[in-house]
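Residue-level listing of the chains:
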Amino acid sequence: MTYSGAVKVGGPADVHELPDLMISKVAVGPMNNNAYLLRCRATDEQLLIDAAAEPHTLLTLIGSSGIASVVTTHRHQDHWGALREVVETTGARTYAGRYDAEGIPVPTDVLVEDGDTLRVGRVELTARHLVGHTPGSIALVYDDPHGHPHVFTGDCLFPGGVGNTWKDPKAFESLINDVETKLFDQLPDETWVYPGHGDDTTLGAERPHLGEWRERGW
């Protein structure tokens, strides 16, 4: 099956099969949040990005092999609604951006800084700190050695624009600058983008519109 990244709440996961990594995307909760289960194909170790809602759905996706870790991309409640139950059930280590951890009611085991490396089995992910949607949002970049990069952007980048900055010009300027310098300037057009809500996109599809986003201010 060809991966599309189009999922809906109550529907099945969509699975992106890469040579070293399996990425399962599922939509959960009233705000149509995306959660991503990453599995290293060499070791079967698993990592969950955003235990957003519907713990039963997420635990079913995780399966009997469990998860080693769960990463929360940012402090907003719709991205950690199922975190406590998932952690209590699996014993997973928790990761979050240093400047957002205080806003997440489940204790964070590992405070993540810009440029830190996170691992799932033999696969490495690089954290990028993106400021504006929240003070400590993080994106995770997987630079696939067999192909193009993949980036999990939380609520910092979507098809059609950066995340919500609530009409705060300084927050918007900060977020679009970080997204441009840490993602668009560093990664190729083929980079696949997995956002916190809705459909996937690529940096190439969004790059021509950066100037438009700056001009409109959101």
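Preceding this section is the structure that the text describes.
First things first, this report covers the structure right here in the doc. Predicted model, so just to flag it, every value in this text is computed and none were measured.

## A look at the overall build of the chain
Turning to step 1, where the next piece is worked out: Looking only at helices and strands, one finds five helices and 15 strands in the chain.
Turning to step 2, where the next piece is worked out: Rg of the C-alpha trace for the chain: 16 Å, near the compact-globule value of 17 Å for 218 residues, within the 12% margin.
Turning to step 3, where the next piece is worked out: Along the three orthogonal principal directions, the C-alpha set of the chain runs to about 50 × 35 × 30 Å.
Turning to step 4, where the next piece is worked out: A burial count over the chain gives 51% of its 218 residues as buried.
Turning to step 5, where the next piece is worked out: Put simply, of all contacts in the chain between residues at least 6 apart along the chain, 51% involve residues at least 24 apart.
Turning to step 6, where the next piece is worked out: Only carbon and sulfur atoms are counted for the fraction: they give 49% of the accessible area of the chain, which is about 9700 Å².
Turning to step 7, where the next piece is worked out: Charged side chains of the chain number 17 positive and 32 negative; the gap between the two group centres comes to 2 Å.

## A short note on the pairing of strand S10 (residues 137-143)
Turning to step 1, where the next piece is worked out: Of all seven residues in S10, six are buried, a share of seventy percent or more.
Turning to step 2, where the next piece is worked out: For strand S9 (residues 123-130) and S10, the ladder comprises five bridges, and the chain directions are antiparallel. Note on S10: the bridge partner recorded for His129 is Ile138.
Turning to step 3, where the next piece is worked out: Hairpin remark: S9 followed by S10, antiparallel, with six residues in the connecting loop; positive phi at Gly132, about 150 degrees.
Turning to step 4, where the next piece is worked out: As defined by bridge partners, S10 adjoins strand S11 (residues 149-154) across four bridges and the pair is classed as antiparallel. Following the sheet pairing, Tyr142 is matched in S11 by His150.
Turning to step 5, where the next piece is worked out: Linkage of S10 to S11, two consecutive antiparallel strands, is achieved through a turn of five residues.

## Let's talk about empty space enclosed by the protein
Turning to step 1, where the next piece is worked out: Throughout the structure, instances matching the rule amount to one cavity of 30 Å³ or more.
Turning to step 2, where the next piece is worked out: Taken as a whole, the largest cavity holds about 30 Å³ of empty space.
Turning to step 3, where the next piece is worked out: Around the largest cavity, the lining residues are Asn34, Tyr36, Ile49, Asp50, Thr73, Phe152, Thr153, Gly154, Tyr194, Pro195 and Gly196.
Turning to step 4, where the next piece is worked out: If you list the elements that add at least two residues to the lining of the largest cavity, you get strand S3 (33-40), S11 and strand S14 (192-195).
Turning to step 5, where the next piece is worked out: Top element by residues in the lining of the largest cavity is S11. It accounts for three residues.
Turning to step 6, where the next piece is worked out: Considered class by class, the residues forming the lining of the largest cavity number five nonpolar, five polar and one charged.

## A look at the pattern of salt bridges
Turning to step 1, where the next piece is worked out: All told, the structure shown has 11 salt bridges when counted by the stated rule.
Turning to step 2, where the next piece is worked out: In this structure, Arg39 engages Asp44 in a salt bridge whose closest nitrogen and oxygen atoms are separated by 2.8 Å.
Turning to step 3, where the next piece is worked out: Residue classification places Asp44 among the partly exposed positions, given a relative accessible area of 43%.
Turning to step 4, where the next piece is worked out: Here Asp189 and Arg207 are joined by a salt bridge, their closest N and O atoms 2.5 Å apart. Here Arg207 lies in the loop between helix H4 (203-206) and helix H5 (210-216) and Asp189 lies in the loop between helix H3 (169-184) and S14, a separation of 18 residues in the sequence.
Turning to step 5, where the next piece is worked out: For Asp189, a relative accessible area of 37% translates into the label partly exposed.

## A short note on the environment of Thr94
Turning to step 1, where the next piece is worked out: Here Thr94 is to be found in strand S6 (residues 93-97).
Turning to step 2, where the next piece is worked out: What makes Thr94 buried here is its relative accessible area of 4%.
Turning to step 3, where the next piece is worked out: Taking C-alpha positions, Thr94 is 7.4 Å from Pro107, a pair spaced 13 residues apart along the chain.
Turning to step 4, where the next piece is worked out: Among residues more than four places away in sequence, those in contact with Thr94 are Val70, Leu83, Val87, Pro107, Thr108, Asp109 and Val110.
Turning to step 5, where the next piece is worked out: Of the polar contacts made by the side chain of Thr94, one reaches the backbone oxygen of Pro107; its length is 2.7 Å.

Scoring rules and cut-offs
- Residues numbered from 1 in each chain as written.
- Predicted model: local features only at pLDDT ≥ 70, side-chain atom pairs only at ≥ 80, totals over all residues.
- Heavy atoms only, no water.
- Helix = DSSP H or I, 4+ residues; strand = E, 2+ residues; numbered from the N terminus.
- Rg over C-alpha atoms; globule rule 2.2 N^0.38 Å.
- Buried < 20%, exposed > 50% of the residue type's maximum accessible area, 1.4 Å probe, protein only.
- Contact = heavy atoms within 4.5 Å.
- Areas by Shrake-Rupley, 256 points an atom, 1.4 Å probe, with all protein chains shown as cover.
- Lys, Arg positive; Asp, Glu negative; His and termini not counted.
- Charge placed at Lys NZ, Arg CZ, Asp CG, Glu CD.
- Pairing = 2+ DSSP bridges.
- 1 Å grid on protein atoms, 1.4 Å probe; cavity = no way out; pocket = protein on both sides within 12 Å on 5 of 7 lines; lining within 4 Å.
- Points joined across faces, edges and corners; volume = space filled by probe spheres on them.
- Nonpolar A, V, L, I, M, F, W, Y, C, P; charged D, E, K, R; others polar.
- Salt bridge = Lys/Arg side-chain N within 4 Å of Asp/Glu carboxyl O.
- Polar contact = N/O pair within 3.5 Å; in protein donor to acceptor, adjacent residues only side chain to side chain.

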